[in-house]
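# Descriptive analysis of the structure
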Amino acid sequence: MVDNKVQNIVCENCNASLTFKPGTHSLVCSYCNFENKINSPEKQNQTIQEFDIDSYEREVFNQEETVKTAVVKCAGCSAETTLGQNLTSKDCPFCGTPLVIQQGKVKRLHKPHYLLPFAITEREASEAFKKWINSLWFAPNKLKRFARAKKKLQGIYLPFWTYDCFTQTQYRGERGDEYTVTRTNSKGESSSQVRVRWYPAGGTVFDAFDDILIPATRSLPKKHLLELEPWDLQNLQPYNDKFLHGFKTENYQLTLRQGYGQAKQRMNEVIRQTIKRDIGGDQQRIHSVSTDYRDPTFKHILLPTWTSAYRFKKKTYQYVVNARTAEVQGGRPYSWMKISVAVFVSLASIFGLWAVFAGEGLAVNWPWMYELLNSQSQAIE
């Protein structure tokens with residue numbers, strides 16, 4: 001084990017501290033703006049390596065180089081983050097709670113194998129957040145006005161596991177073929193009914209999985225993190241402390257084996273779809289499944305995000321921005337007044353169409369009512 005904390009690297013031009021500049025391959029000086037290039041590995045060494053899970057745990061994991069790092073645990077959401085060099089913000093990037101640096105502790109953690117550097121700036125992430133807020137249907141008008149106010153985002157590297165695997169699955173089930181039966185009653189009226197003939201089915205299917213991405217954090221909803229995909233994992237860089245300058249890093253909270261269990265769950269969803277295609281027919285029933293997971297491999301990586309939390313009507317909402325693509329995901333409130341107006345207008349429109357088709361001759365013009373009710377909802381909010 002070695003102490004591999006992020007060192008305070010200084011500018012080649014003026015000896016001031018440096019931070020990584022998103023969208024570049026350089027550290028930039030905040031005083032003279034001189035860019036200090038981060039040396040890239042030779043091309044022949046840039047092949048992204050996968051690690052066998054079983055042999056890695058058995059032969060490497062306990063002897064692997066680890067990072068001795070200062071960890072701060074948030075009293076609000078229990079997230080554990082590592083504070084990098086030159087950070088002015090001391091709020092939790094997940095819930096906004098002020099962090100008490102004095103309560104930090106030192107941990108030894110396994111180093112990530114790879115990372116994706118930040119590609120978009122805080123300003124670009126803020127603009128993406130504003131566009132996202134303004135695109136939300138049924139969002140309160142006050143929330144959209146709130147989005148125009150400045151809200152500081154925090155750059156943080158989140159831990160992920162990736163898994164590759166080949167599977168061989170034996171299954172037993174049934175194939176259903178639909179057919180139609182037409183019957184005529186005593187009045188000469190005919191009716192049709194769809195029925196299904198079931199046949200036994202069974203066989204073996206094969207699947208190959210590449211880079212199944214599993215968040216190793218519990219600080220943000222898993223649903224939001226998965227919806228940040230896709231990531232350009234083909235551009236992963238070997239882990240280098242220099243990319244961390246100016247950003248926080250969260251430590252993994254999900255172990256390698258726990259992540260593999262979640263990866264299997266995602267594999268099983270795909271395997272069931274493969275089985276259904278193999279059974280064929282109009283409907284399928286799956287009675288038993290036996291899967292052999294072959295040659296599972298993994299990587300431990302860091303992915304860049306801009307995160308923040310905002311309070312609206314005494315409730316906290318988290319959101320996260322993919323710092324490579326500007327994709328935004330997060331929690332949001334709803335305006336029940338707007339939803340009620342939309343439901344009322346829909347019902348009124350249906351009634352208007354019914355009246356016309358019923359021959360009532362009613363000339364119904366509903367948009368003015370919607371505008372009136374919407375303006376009233378804005379006044380209430």
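See the structure shown above.
Criteria and cut-off values
Residues numbered from 1 in each chain as written. Predicted model: local features only at pLDDT ≥ 70, side-chain atom pairs only at ≥ 80, totals over all residues. Heavy atoms only, no water. Helix = DSSP H or I, 4+ residues; strand = E, 2+ residues; numbered from the N terminus. Buried < 20%, exposed > 50% of the residue type's maximum accessible area, 1.4 Å probe, protein only. Contact = heavy atoms within 4.5 Å. Areas by Shrake-Rupley, 256 points an atom, 1.4 Å probe, with all protein chains shown as cover. Pairing = 2+ DSSP bridges. Axes fitted to C-alpha atoms, helices over the stretch in contact; angles between N-to-C directions. Expected span 1.5 Å × (residues − 1).

## A few points about the overall build of the protein
- From N to C terminus, the protein includes seven helices and 15 strands.
- The buried share of the protein, taken over its 381 residues, is 42%.
- Of the contacts formed within the protein by residues at least 6 apart in sequence, a portion of 75% connects residues at least 24 apart.
- For the protein, the computed accessible surface area is about 21,300 Å², with 49% contributed by carbon and sulfur atoms.

## Here's the deal with the side chain of Q237
- Inspection of the secondary structure assignment puts Q237 in strand β11 (residues 237–238).
- The class of Q237 is buried, set by a relative accessible area of 19%.
- Once residues lying within four places of it in the same chain are set aside, the contact partners of Q237 are H25, H113, Y114, L115, P117 and F243.

## Here's the deal with the pairing of strand β2 (residues 26–29)
- Alternating positions in β2 separate into two faces, S26 and V28 on one and L27 and C29 on the other, with burial throughout.
- As paired strands, strand β1 (residues 18–20) and β2 are joined by three bridges and run antiparallel to one another. The residue bridging L18 from the neighbouring strand is C29, located in β2.
- The loop that links β1 with its antiparallel partner β2 comprises five residues; one of these, G23, has a positive phi angle of about 85°.
- Two elements, β2 and strand β3 (residues 35–37), share three bridges in a ladder whose sense is antiparallel. Each bridged residue has a counterpart across the sheet, and for S26 the counterpart in β3 is K37.
- Counted between consecutive antiparallel strands, the loop separating β2 from β3 contains five residues, among which N33 sits at a positive phi close to 65°.

## Observations regarding the sheet that holds β1
- Taken in spatial order, the three strands make up an open sheet running β1-β2-β3, and their pairing is antiparallel. Both outer strands of the open sheet, β1 and β3, are each paired with one neighbouring strand and no more. Sheet twist, expressed as the average angle between the axes of neighbouring strands with direction ignored, equals 35°.

## Looking at helix α5 (residues 256–279)
- Along its 24 residues, α5 runs 34 Å from first to last C-alpha, staying within 8% of the 34 Å computed at 1.5 Å per residue.
- Among the residues of α5, L256, G259, Y260, A263, M267, I271, T274, I275 and I279 are the ones counted as buried.
- Downstream of α5 by one or two residues, G280 has phi in the positive range, about 75°.

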